Amino acid sequence: MSFLESPLQEKYVLKKKICVLGGQENYKDEFQIELSSNSLSIENKRNIGVNISKIDYLFKENEKFEFLLWNIDCRQPRAYLRTIFYNGAEAIIIFISETKVDQFLQYFNEIQDRISSITIVFCIILEEYTIDEIVHKYFKIDEFESIIKANNIQIAEIFESSEILNQICSISLKRNKSKELENSYFINFIPLDLLFVRSDITDECHDYYEPETRNVNISKTINTEQLVKYILKLNLNCYLESDNWLKFINKKLGIFSIYLKNGNVYYYPKVCEKCKDITCLKYKRAPFFICIEAEKSIGWTNIQGFEQNEILILSKILALIEGNENNLPRSVLKQIFNINICEKGIK
């Protein structure tokens, strides 16, 4: 395993959150214990529904990751809680029993309805069946085939748990370089005796229990096609960098970009635009993510296919194009002003 050997090798660390789901609780607990450099007691998961640990991981030379692993209890008594732990995750690992491969569809639909821009790694644990037997029994079903083809799901056979982290690291670095944040999917087949160092780990897979949805605002994938159509009709002072990125300039504040798939806002500060000092740490880190949260509300529109999530992005665009010190929320202005403080000027 390519775990971190010397913390002095790296100049910076990529910090990411990973959630672990699935009905095989003992397997998930052992996976967390084996990989983590430090961890809360597993009893913590039984008490509040999640256990958090840290993984220091050296993917390649000069590419160090610090993962926070959220091991989520998926049993029936805790099922209603688990979706509150998804927020901010870079990836989700789902352990699937070879006897309950149909749970792939249930977890796939659950996450698709709630999270965009994420890596999902399904790990089918082999105990008695072969890969060919499972593929013949499940993957030839029309629904399985259509989902795998439509989402370009990569299927692989792996032989140790570190390969799961390698997949997540690889996709994370690609996203950092390309700026495109589409969902990425893997289905891994891994023999149980190769997954864990200990050979005495056993488990009985629980059924899938759907999380509570009656009182929860589900964050669905953005309808970008409909959103772009309305933006173009409004003839706003902005332009599409690509199918998913919208860019516009605020004359007083700087350059803003919005990723249309999830509404994330990124800011290139005015102070850096003028300076162009490529040795400056602030210049290297630009553009900066800016948090703009919506108030809880329902029923903004009755236009089919153009609902709250799409209107939220449109409101961000309008607010930032016309924004100034007098009309933007204080929380947003504080972030902008803090970013515009030039370290060179202070020195």
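What counts, and at which threshold
- Residue indices follow the written sequence of each chain, beginning from 1 at its first position.
- Side-chain atom pairs in this predicted model are given and counted only at pLDDT of 80 or more, local residue features only at pLDDT of at least 70, and totals for whole chains, interfaces and linings cover all residues.
- Derived side-chain values reflect all non-hydrogen atoms in the structure, with water molecules and hydrogen atoms excluded from consideration.
- Values of pLDDT, ranging from 0 to 100, describe the predictor's confidence in every residue of the model.
- Between two residues, a contact is recorded if the distance between any of their heavy atoms is within 4.5 Å.
- Two strands form a pair only when DSSP identifies at least two bridges running between them.
- Starting at the N terminus, helices and strands are each numbered in turn, a helix being any DSSP run of H or I of at least four residues and a strand any DSSP run of E of at least two.
- Angles shown run from 0 to 180 degrees and are taken between the N-to-C directions of axes, each axis being a line fitted to C-alpha atoms and, for helices, limited to the stretch in contact.

**Quick look at the confidence of the model for the protein chain**
Reading fine detail from the predicted coordinates is not recommended where pLDDT is low. In the predicted model, the protein chain carries a mean pLDDT of 83, and the fraction of residues at 70 or more is 88%. A low-confidence stretch, residues 1–10 (pLDDT under 50), is modelled with 23 contacts involving residues beyond four sequence positions or located in other chains.

**Thoughts on the sheet that holds strand β11 (residues 254–259)**
Here we have 5 strands laid out as an open sheet, ordered β9-β10-β11-β12-β13, and antiparallel in their pairing. The open sheet has two edge strands with one neighbour each: β9 (238–240) and β13 (288–290). Neighbour-to-neighbour, the strand axes of this sheet turn through a mean angle of 30 degrees, independent of strand direction. Pairing of strand β10 (residues 245–250) with β11, which is carried by 6 bridges, proceeds in the antiparallel orientation. Across the sheet, Phe-248 pairs through a bridge with Phe-256, a residue of β11. Packing against the sheet, helix α11 (residues 308–322) makes contact with β10, β11 and β12 (264–269), and its axis sits at approximately 25 degrees to β10.

**Examining the sheet that holds strand β3 (residues 50–60)**
Within the open sheet, the 8 strands sit side by side as β2-β3-β4-β1-β5-β6-β8-β7. Their pairing is mixed. Every other strand in the sheet has two partners, leaving β2 (38–39) and β7 (154–157) as the edge strands with one partner each. Strand direction decides the pairing type here: strand β1 (residues 13–21) and strand β4 (residues 63–72), joined by 8 bridges, are parallel. Looking across to β4, one finds that Val-13 is bridged to Lys-64. This element, helix α1 (residues 25–35), spans β1, β2, β3, β4, β5 (91–97) and β6 (119–126) of the sheet and lies at about 150 degrees to β4.

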